[in-house]
Amino acid sequence: MFLTGLGCTVCQGEYRPEPSRYVCDRCGEVGTLDARYDYPAISRVVDPDTLATNPDNSMWRYLPLIPVEEGTRVSSLVVGGTPLIRSDRLASDFGVRELWVKDEGRQPTASLKDRASAVALARAAMEKAPVITTASTGNAAAALAGLASGTGQSAVIFVPESAPEAKVAQLLAYGATVCLVEGNYDSAVRLCQEAVARFGWYNRNTGINPYVGEGKKTVALEILEQLGWSAPDAIFVSVGDGSIIGGVHKGLKDALTLGWIDRMPRIFGVQSSGSAFLAQAWSDQEDVVTKKSIAAQTRADSISADLPRDRVKAMAAVTETGGEWIVVTDDRILEMIPYVSARTGVFPEPAAAAAFAGLAKAAAGFSGMDGLGRVVVISTGSGLKDIKSVMAGLDRSGAEALHIKPGPTALDGLELSK
Ligand SMILES: *Cc1c(COP(=O)(O)O)cnc(C)c1O
Ligand SMILES: [Zn+2]
């Protein structure tokens, strides 16, 4: 393992990666910690050439860049290795030169969160913690429960009672202890933190656990490798707590530090207008460390956050790469579900569709010669997670089934939708 320590993203204080070390003592919860590595040593064991001959297509092909000891991986599910799909159709619709979609709905529990939970479970095993807990809007919990299923580790999950029913069903099916908490995601987080303090369980919470982002960053490493280590110009990510966008930034920084790419892509963060803490802070030039929490309300449940827990890393991802924050309405998000599905075959849940809506909006404002250039959109989770929202999107698109009564004339005048 090449982890050398943990650094506070607010005060730069350094910590040793000991068990139960989560956030900075001085800064409290806003002081999220960032994993530091011995990059010269990493470059001696892995590079694009060795990766090219590595038959392991899962996220663990980047093990030297993940803070997990060899042999401590717990789950037998295969996480990572999701397809990067080129869509010329969507590119020409949006007016961008080249468009790629990273389909994280193809993960074993159907969202990008599997990358984070895989690392958290391995860390819990390294620390010999039998119980691991998280609060979640649904996907982080499903990832934890799914990857813990069939292992000796117990998962205790706190989700808002308003979570989409497919997500709750998935958790229960995986055999986790599920607590449906009255209130929103932030209420679930508070209760989960209380459980950690009371019972000493391993804490997977986003923005608290310093290692989960190190799993999420593997999506960026995969994108770069799938593009032949030629950096795209822009990456679009939907943002709630800000952990995915922070992870994407970290993966890109790792690759740049190691000389695997020669420039940093711009990172675009997309938020729902009902949950736009970071976008607001950016346009009002507010400090995310001191900005007060908002009252988030959005149909895109996976990106609903009153106070994004990884706000410091998230803001840095956009500002340090010359990216932008983009706000889209829930109506646009819902419309985007059938729109993207019909054009790419990738089927996004609302939070994932938000990233496409953000690209559509940004591309309209970048109508230069080359526009945004070569763009990647991360489709973070599957539409099967929240079928009611997919149906709400279909209502808006006007797509509907033909109702047919079987009989000799049933197929007369059948009209194709395309
Ligand atoms: C968690 C999640 C997000 C947002 O990630 P954050 O780290 O909370 O910003 C986006 N889309 C999906 C599908 C998610 O599950
Ligand atoms: Zn600090």
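Just above, that's the structure.
So, how was this worked out
- Residues numbered from 1 in each chain as written.
- Chains lettered and ligands numbered in written order.
- Predicted model: local features only at pLDDT ≥ 70, side-chain atom pairs only at ≥ 80, totals over all residues.
- Heavy atoms only, no water.
- Pairing = 2+ DSSP bridges.
- Helix = DSSP H or I, 4+ residues; strand = E, 2+ residues; numbered from the N terminus.
- Buried < 20%, exposed > 50% of the residue type's maximum accessible area, 1.4 Å probe, protein only.
- Contact = heavy atoms within 4.5 Å.
- Polar contact = N/O pair within 3.5 Å; in protein donor to acceptor, adjacent residues only side chain to side chain.
- Donors = N, O, S within 2.8 Å, 3.2 Å for Na, K, Ca; no water.
- Tetrahedral: all angles 85-135°; square planar, octahedral: opposite > 155°, others 65-115°.
- Salt bridge = Lys/Arg side-chain N within 4 Å of Asp/Glu carboxyl O.
- Core = buried A, V, L, I, M, F, W, Y, C linked by side-chain atoms within 4.5 Å.
- Axes fitted to C-alpha atoms, helices over the stretch in contact; angles between N-to-C directions.
- Parallel < 35°, antiparallel > 145°, perpendicular 65-115°, else oblique.
- Left-handed = near helix turned anticlockwise from the far one by under 90°.

## Focus on the sheet that holds strand 9 (residues 202-203)
If you walk across this open sheet you meet the 4 strands as 8-7-6-9, and the pairing is parallel. The strands lining the two open edges of the sheet, one partner per strand, are strand 8 (177-181) and strand 9. Sheet topology places strand 6 (residues 131-135) next to strand 9; 2 bridges connect them, and they run parallel. Across the sheet, the residue bridging to Ile132 is Tyr202, located in strand 9.

## A closer look at the environment of Lys313
Position of Lys313 among the secondary structure elements: in helix 12 (residues 311-319). Classification of Lys313 by relative accessible area gives buried; the value is 18%. Once the C-alpha coordinates of Lys313 and Thr298 are considered, the two residues, 15 residues apart in sequence, prove to be 22 Å apart. Apart from residues no more than four positions distant in its own chain, Lys313 is found in contact with Thr9, Thr32, Leu33, Asp34 and Gly246.

## What about helix 12?
Of all 9 residues making up helix 12, 8 are buried, and the element is well covered by its neighbours. The complete set of buried residues in helix 12 reads Arg311, Val312, Lys313, Ala314, Met315, Ala316, Ala317 and Val318. Along its buried surface, helix 12 packs onto strand 3 (33-37), helix 10 (243-257), strand 11 (266-272), helix 11 (277-283) and strand 12 (325-328).

## Some points on the environment of Asp287
By secondary structure assignment, the location of Asp287 is in the loop between helix 11 and helix 12. Judged by relative accessible area, Asp287 falls into the partly exposed class, the value being 45%. Considered as a pair, Asp287 and Ala220 are 67 residues apart in the sequence and their alpha carbons are 27 Å apart. Among the polar contacts made by the side chain of Asp287, one reaches the main-chain amide nitrogen of Val289 at a distance of 2.9 Å.

## A closer look at the coordination of the zinc ion (ligand 2)
Protein-derived ligands of the zinc ion (ligand 2) are Cys8 (SG), Cys11 (SG), Cys24 (SG) and Cys27 (SG), with the metal-ligand distances lying across 2.3 to 2.4 Å. One can describe the donor arrangement at the zinc ion (ligand 2) as tetrahedral, given that its 4 donor atoms subtend angles of 107 to 112° at the metal. All donor residues of the zinc ion (ligand 2) come from one chain, and their arrangement in sequence is C-x2-C-x12-C-x2-C. Here Cys24 lies in the loop between strand 2 (14-15) and strand 3 and Cys11 lies in the loop between strand 1 (3-8) and strand 2, a separation of 13 residues in the sequence. Taking the relative accessible area as the measure of exposure, Cys11 reaches 27% and is therefore partly exposed.

## Re the pairing of strand 5 (residues 98-103)
Taking burial as the measure, the 6 residues of strand 5 include 6 buried ones, the bulk of the element. Taking every second residue as pointing to the same face, both faces of strand 5 are buried, with Glu98, Trp100 and Lys102 on one and Leu99, Val101 and Asp103 on the other. Where strand 4 (residues 84-86) and strand 5 come together, 3 bridges link them in antiparallel fashion. Its bridge partner lying in strand 5, Arg86 is registered against Trp100. Across 6 bridges, the pairing between strand 5 and strand 13 (residues 374-379) is parallel. Pairing of Glu98 across the sheet is with Arg374, part of strand 13.

## Topic: the pattern of salt bridges
Note on pairing: side chains with opposite charge can pair once their charged atoms come close. In total, this model carries 27 salt bridges according to the counting rule given. Residue Asp301 is joined to Lys167 by a salt bridge in which the shortest nitrogen-to-oxygen separation is 2.8 Å. Of this pair, Asp301 sits in the loop between helix 11 and helix 12 while Lys167 is found in helix 6 (residues 165-173), placing the two residues 134 residues apart along the sequence. Comparing Asp301 with Lys167, the two get one shared label, buried. In this structure, Glu324 engages Arg266 in a salt bridge whose closest nitrogen and oxygen atoms are separated by 3.8 Å.

## Considering helix 5 (residues 139-148)
Burial of helix 5 is extensive: 10 of the 10 residues sit out of reach of the surface. Burial in helix 5 covers these residues: Asn139, Ala140, Ala141, Ala142, Ala143, Leu144, Ala145, Gly146, Leu147 and Ala148.

## Quick notes on the nonpolar core
Judged by nonpolar contacts, the single largest core of 85 residues is most densely connected at Trp60, Ile245, Val248 and Trp325. Looking at which element gives the most residues to this core, the answer is helix 4 (residues 113-126), with 7 residues. Sequence-distant contacts of Val248, defined by excluding residues within four places in its chain, comprise Lys217, Val219, Ala220, Ile235, Val237, Ile267 and Ile378. Membership of the second largest hydrophobic core comes to 35 residues, among which are Val101, Val270, Ala300 and Ile337.

## Some remarks on the packing of helix 9 (residues 218-226) against helix 10
Relative orientation of the contacting elements helix 9 and helix 10 amounts to 50°, with a least axis distance of 7 Å. When the interaxial angle is binned, helix 9 and helix 10 end up oblique. Crossing geometry of helix 9 relative to helix 10 is assigned as right-handed. Note on element contacts: helix 10 touches helix 9 through Val248, Gly251, Leu252 and Ala255, opposite Val219, Ala220, Leu221 and Leu224.

By themselves these figures say nothing about function.
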